[in-house]
Amino acid sequence: LTTLDKGALDVSIPHRLAPGYRRVLKTIPGCPQGSRNWYKKVDADICAQGFKPLTGDPCLYLHTAHDILLTVHVDDGYMAYDKALTPVVTKILSNFRKEYELHDLGEVSDFLGMQITRSRPERKMILSQSRFISALLSKAGMADCATVDTPVALGAKFTKQDCPAVNERWWT
């Protein structure tokens, strides 16, 4: 069973029960409502801790009182916050641990198929999907194909006039 079986079943699924069996009150792995119920429960619990989902991405949450970002994808999550907020984050995580089994994996190095490399002195964070791209090329039988450089002259500079017009409605 996965963590998706923790949501309550909020619909009645027509079925005939065999003698001695009872109605299911929790979601069943593979049941279409499982993912939806899991998200509804997690979302409610996250919002109860003072987070608010962003309009553009409902899986990315911002704490209403502190600069804490929380992103959740199924049963993986990542929090980004200033070191000074560690006591606040510890309390939030303590509250989550009352309901969920959490594992602190330390500083993130891989999330949702992206490799994350940090250089704190340079204040840089580098995201890479090289493993995903390599796997995709292997799957397509193109792992040994020759690469080519991006067809742009070295040192080329671009200005706003070089960019095509964009309809601003697309971004709001």
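These figures come from a predicted structure and were not determined experimentally.

Let us look at the confidence of the model for the protein. On average, residues of the protein score 79 in pLDDT, and 76% of them reach the 70 mark or higher. Ignoring residues within four places in sequence, the model shows residues 1-5, a span with pLDDT below 50, making 11 contacts including any to other chains.

With antiparallel pairing, the 3 strands of this open sheet are ordered in space as β5-β6-β7. At either margin of the open sheet sits one strand with a lone partner, and together these are β5 (110-111) and β7 (124-128). Examined bridge by bridge, β5 and strand β6 (residues 114-119) share 2 bridges and lie antiparallel to one another. Looking at β6, one finds that Asp 110 is bridged to Gln 115.

Along the chain, Thr 71 turns up in strand β3 (residues 68-73). Within the local environment of Thr 71, its side chain forms a polar contact with the backbone oxygen of Cys 59, the two atoms lying 3.5 Å apart. In this view, Thr 71 contacts Cys 59, Leu 60, Asp 76, Gly 77, Tyr 78 and Phe 111; residues no more than four positions away in its chain are not counted.

A separate point is the pairing of β7. Remark: a regular strand shows side chains that alternate across the two faces of the sheet. By the bridge criterion, 5 bridges tie β6 to β7 in an arrangement that is antiparallel. Its bridge partner being in β7, Thr 117 is matched across the sheet by Ile 126. Between β6 and β7, which pair antiparallel and follow one another directly, the connecting turn spans 4 residues, one of which, Arg 123, has a positive phi of 55°.

Here we take up a nonpolar patch on the surface. Together, Phe 132, Ile 133, Leu 136, Leu 137 and Met 142 make up an exposed nonpolar region whose accessible area comes to about 450 Å². Checked against the element boundaries, Phe 132 lands in helix α3 (residues 130-139). Overall, the relative accessible area of 46% leaves Phe 132 in the partly exposed class.

The next thing to look at is the nonpolar core. Membership of the largest hydrophobic core comes to 14 residues, with the highest contact counts inside it found for Val 42, Ile 46, Phe 51, Ile 68, Leu 70, Met 79 and Ile 92. Ignoring any residue separated from it by four or fewer positions in sequence, one finds Ile 92 in contact with Gln 49, Phe 51, His 63, Ile 68 and Met 79.

Analysis parameters
- Residues numbered from 1 in each chain as written.
- Predicted model: local features only at pLDDT ≥ 70, side-chain atom pairs only at ≥ 80, totals over all residues.
- Heavy atoms only, no water.
- pLDDT = per-residue confidence, 0-100.
- Contact = heavy atoms within 4.5 Å.
- Pairing = 2+ DSSP bridges.
- Helix = DSSP H or I, 4+ residues; strand = E, 2+ residues; numbered from the N terminus.
- Polar contact = N/O pair within 3.5 Å; in protein donor to acceptor, adjacent residues only side chain to side chain.
- Patch = residues over 30% accessible without salt bridge, like charges linked within 9 Å, V, L, I, M, F, W, Y side chains within 5 Å.
- Areas by Shrake-Rupley, 256 points an atom, 1.4 Å probe, with all protein chains shown as cover.
- Salt bridge = Lys/Arg side-chain N within 4 Å of Asp/Glu carboxyl O.
- Buried < 20%, exposed > 50% of the residue type's maximum accessible area, 1.4 Å probe, protein only.
- Core = buried A, V, L, I, M, F, W, Y, C linked by side-chain atoms within 4.5 Å.

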